[in-house]
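# Overview (structure and organization)
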Amino acid sequence: MSKTILVTGKWEGSVEIADPLTIPQVQLIEAGLATPEKDKEGKTWLSAYDASRVPALLGCVTKWNLKGFPENLTIENFPASPRKASNALVNFLFLELINIYTGDNEVPNE
């Protein structure tokens, strides 16, 4: 099974995320939760966060249907610019992974 996520913005379209997740997929998500190391000036760059999360996206998204995205997506060709739009997409999709990872937290109306 999979969960379809609609994407708006620069790369509009949809992605399909594996649901349920496998142990290897969960391990990729957990690796993406770690805070990247700071540089010599004490800064953590957005690209460091993205680099830790994109492998989880690549491992958990079963189908990419985003306008302007490469057909055979890899870490080497994942769009990283413009930075603001790329980081927003990575964060949005990673949050969707977290939602599947943690399970349904919504309480239905009774």
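First, a word on what this report is: a plain description of the structure on this page. Computed from a predicted structure; not experimentally measured.

On to the pairing of strand S2 (residues 13-18). Summarising the sheet, strand S1 (residues 2-7) and S2 pair through six bridges and their orientation is antiparallel. In the sheet register, Ser2 faces S2, and the bridge partner there is Ala18. In this structure, the hairpin formed by S1 and S2 is closed by a connection of five residues, where Gly9 is found at a positive phi of approximately 105°. Summarising the sheet, S2 and strand S3 (residues 61-66) pair through five bridges and their orientation is antiparallel. Looking at S3, one finds that Ser14 is bridged to Asn65.

So, about the sheet that holds S3. Reading across the sheet, the three strands line up as S1-S2-S3 and stay open at both edges, with antiparallel pairing between neighbours. Here the strands that pair on one side only, and so sit at the sheet edges, are S1 and S3. Each strand of the sheet is rotated relative to its neighbour by a mean of 15°, with strand direction disregarded. This element, helix H2 (residues 46-60), spans S2 and S3 of the sheet and lies at about 100° to S3.

Definitions and limits used
- Within each chain, residues carry numbers counting from 1 in the order of the written sequence.
- It should be noted that, the model being predicted, local features are given only for residues of pLDDT at least 70 and side-chain atom pairs only at 80 or more, the latter also being counted only at that level, while totals for whole chains, interfaces and linings use all residues.
- To get the side-chain values, all heavy atoms of the structure are used, and hydrogens and water are removed first.
- Between any two strands, at least two bridges found by DSSP are needed for them to pair.
- What counts as a helix is a DSSP run of H or I of at least four residues, what counts as a strand is a run of E of at least two, and both are numbered from the N terminus.
- Every angle, taken between N-to-C directions, lies between 0 and 180 degrees, and every axis is a line fitted to C-alpha atoms, over only the stretch in contact when it is a helix.
- Contacts were defined at the residue level, with two residues in contact if any of their heavy atoms lie within 4.5 Å.

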